[in-house]
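# Residue-level structural notes
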Amino acid sequence: MDIQTKKELQIFATQIRMGIIEGTYNAKAGHPGGSLSSADVFAYLYDRELRVDPKNPRAEDRDRFVLSKGHCAPGLYSALAYKGFFPVEDLKTLRKIGSYLQGHPNMNTVPGVDMSTGSLGQGISTACGMAKAAKYLGKNGINVYTLLGDGEIEEGQVWEAMMFAAQYNLDNLCVIIDSNGLQIDGACKDVMSAEPIDEKCKAFGFDCITINGNDFDELEKAFDAFHKSDKPFAIIMKTIKGLGVSYMENQVDWHGKAPNTEEYEIAMKELTAKLAEIKEA
């Protein structure tokens, strides 16, 4: 990846992180930890990978993205806002009465959202349905992407969906697993370990790659591998929960709570400094 492209992606990812903090702070609720760990893949997807158009979010030939870990809506909303699907200022209305930006994505109200999600395990199932439908209709240019959490894959429905994907050779399906090691109740290894995730994905008929999900060169390598595969594809991203905000990093407490005013100011100061550093480099 060339220097300029990486710089643009780093700027976009930092803006997404700022939007996550802005939204959860104003909502006084939400899930910043897993949204922050996913900010880099959101940036890569919406800047480099997905064939989507903010001016025509319902274009029939668009790629589809399903946020299976729907509680990380602050990250998706921020990516969509900075991509131009709706005003960035609206991020401040997250979870407020009357806002179209509710705690989990709603395809009926949010431009750019392809599936309403929230109940963990169900997003990947709908993504499989979309991928199967695209094949059935002969829409060979449409790819379907879905993002799951490593806590989420403890759900049996996830593996049923993966069996379905392999059975119908959904080579237009890319399953992305954000493996940050933490879930609401603690470390995944202590709650219900899903390891070895890569071997399980392969056993269920997927091609699979494990990467540093907070590194754009590695993300590029992973999506290039997806496009070359003739099977359903899984990207296992090793990430840092809360990345970008020092006091949130690798802290399970930040799975599902919002920063207070002092914490908000610290986070925005850090991210503003990071943004300036990237732009000046």
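Since the model is a prediction, treat every value here as computed from it, not as a measurement.

About the thresholds
Residues numbered from 1 in each chain as written. Predicted model: local features only at pLDDT ≥ 70, side-chain atom pairs only at ≥ 80, totals over all residues. Heavy atoms only, no water. Helix = DSSP H or I, 4+ residues; strand = E, 2+ residues; numbered from the N terminus. Rg over C-alpha atoms; globule rule 2.2 N^0.38 Å. Contact = heavy atoms within 4.5 Å. Areas by Shrake-Rupley, 256 points an atom, 1.4 Å probe, with all protein chains shown as cover. Axes fitted to C-alpha atoms, helices over the stretch in contact; angles between N-to-C directions. Parallel < 35°, antiparallel > 145°, perpendicular 65-115°, else oblique. Left-handed = near helix turned anticlockwise from the far one by under 90°. Buried < 20%, exposed > 50% of the residue type's maximum accessible area, 1.4 Å probe, protein only. Core = buried A, V, L, I, M, F, W, Y, C linked by side-chain atoms within 4.5 Å. Salt bridge = Lys/Arg side-chain N within 4 Å of Asp/Glu carboxyl O. Pairing = 2+ DSSP bridges. Right-handed = clockwise from strand over helix to strand, strands pointing away. Phe/Tyr/Trp six-rings, centres within 6.5 Å; stacked < 30°, edge-to-face > 60°. Lys NZ or Arg CZ within 6 Å of the ring centre and 35° of its normal.

## What about the overall build of the protein chain?
Counting secondary structure elements, the protein chain contains 10 helices and seven strands. Over its C-alpha trace the protein chain gives a radius of gyration of 18 Å, about what one expects of a compact globule, namely 19 Å for 281 residues. Its C-alpha atoms put the protein chain at 50 × 45 × 40 Å along the principal axes. Restricting the contact set of the protein chain to residue pairs at least 6 apart, pairs at least 24 apart contribute 76%. Carbon and sulfur atoms make up 49% of the accessible area of the protein chain, which totals about 12000 Å².

## Side note on the packing of helix 1 (residues 3–27) against helix 10 (residues 261–280)
Interaxial distance between helix 1 and helix 10 falls to 10 Å at its minimum, and their mutual angle equals 170°. As summarised for this structure, helix 1 and helix 10 are arranged roughly antiparallel, according to the angle between their axes. In the crossing of helix 1 with helix 10, the sense of the turn from one axis to the other is left-handed. Residue-level contacts link Lys 7, Gln 10, Ile 11, Thr 14, Gln 15, Arg 17, Met 18, Ile 21, Glu 22 and Tyr 25 of helix 1 to Thr 261, Tyr 264, Ala 267, Met 268, Leu 271, Thr 272, Lys 274, Leu 275, Ile 278 and Lys 279 of helix 10.

## Focus on helix 4 (residues 73–83)
Burial within helix 4 is extensive, with nine of its 11 residues counted as buried. Three or more residues of helix 4 are buried, namely Ala 73, Pro 74, Gly 75, Leu 76, Tyr 77, Ser 78, Ala 79, Leu 80 and Ala 81. Residue Gly 84 follows helix 4 closely and has a positive phi angle near 105°.

## Brief notes about the nonpolar core
Tyr 46, Phe 65, Phe 223 and Ile 235 are the most contacted members of the largest nonpolar core, which totals 57 residues. Sort the elements by how many residues they give to this core and helix 1 lands first, with 10 residues. Apart from the residues lying within four places of it in its own chain, the contact partners of Ile 235 are Cys 174, Val 175, Ile 176, Ile 177, Ile 209, Ile 211, Ala 222 and Phe 223. Residues Val 66, Trp 159, Leu 170 and Val 175 belong to the second largest nonpolar core, which totals 25 residues.

## Some remarks on the pattern of salt bridges
Applying the stated criterion across every chain yields a total of 12 salt bridges. Between Lys 189 and Asp 190 there is a salt bridge; the shortest N-O distance is 3.4 Å. Of the residues examined, Asp 190 reaches a relative accessible area of 59% and is grouped as exposed. Where Glu 277 meets Lys 274, a salt bridge forms, and the shortest distance between an N and an O atom there is 3.9 Å. Taken together, the residues Glu 277 and Lys 274, both in helix 10 and three residues apart, mark about one turn of the helix.

## Here's the deal with unusual backbone geometry
Each neighbour pair has its own omega, and for Glu 195 with Pro 196 the value is -5°, a cis peptide bond. By the secondary structure assignment, Pro 196 is in the loop between helix 7 (188–192) and helix 8 (197–203). With a phi close to 60°, Lys 28 is a non-glycine residue in the positive phi region. Position of Lys 28 among the secondary structure elements: in the loop between helix 1 and helix 2 (32–37). For Lys 28, a relative accessible area of 55% corresponds to the exposed category.

## Points about the sheet that holds strand 7 (residues 233–238)
One open sheet holds the five strands; their spatial order is 1-2-3-7-6, and the pairing between them is parallel. Each end of this open sheet is capped by a strand with a single partner; those strands are strand 1 (64–67) and strand 6 (207–212). Taken over all neighbouring pairs, the strand axes of this sheet differ in orientation by 20° on average, direction set aside. Note: strand 3 (residues 173–179) against strand 7, six bridges, orientation parallel. Its bridge partner lying in strand 7, Ser 179 is registered against Lys 238. Each of strand 2 (144–149), strand 3, strand 6 and strand 7 touches helix 9 (residues 216–228); the most contacted strand, strand 6, lies at about 170° to it.

## Overview of the pairing of strand 6
Of the strand pairs in this sheet, strand 6 and strand 7 are connected by six bridges, and their pairing is parallel. Of the residues in strand 7, the one forming a bridge with Ile 211 is Met 237. Following the backbone out of strand 6, through helix 9 and into the adjacent parallel strand 7, one traces a crossover that is right-handed.

## Description of the packing of aromatic side chains
Aromatic rings in a pair are described by how distant their centres are and how their planes are angled relative to each other. Under the defined criterion, the tally for this structure stands at 12 aromatic pairs. Seen in terms of ring centroids, Tyr 46 and Phe 85 are 6.5 Å apart; in terms of plane orientation they differ by 85°. Their pairing is edge-to-face. Of the two residues, Tyr 46 sits in helix 3 (residues 39–49) while Phe 85 sits in the loop between helix 4 and helix 5 (122–136), which places them 39 residues apart along the sequence. The burial state of Tyr 46 is the same as that of Phe 85; both residues are buried. Summarising the aromatic geometry, the rings of Phe 86 and Tyr 100 are spaced 5.6 Å apart at their centres and angled 85° between planes, so their arrangement reads as edge-to-face. Here the residue Phe 86 occupies a position in the loop between helix 4 and helix 5, and Tyr 100 occupies one in the loop between helix 4 and helix 5, the gap between them amounting to 14 residues. Among the residues examined, Phe 86 registers a relative accessible area of 7% and is labelled buried. Following the ring pairs from residue to residue traces out a cluster consisting of Tyr 44, Tyr 145, Phe 223, Phe 226 and Phe 233. Taking NZ or CZ as reference, Lys 28 lies 3.6 Å from the ring centre of Tyr 25, over its face. The ring of Trp 254 is capped by Lys 257, whose NZ or CZ atom sits 4.4 Å from the centre of that ring.

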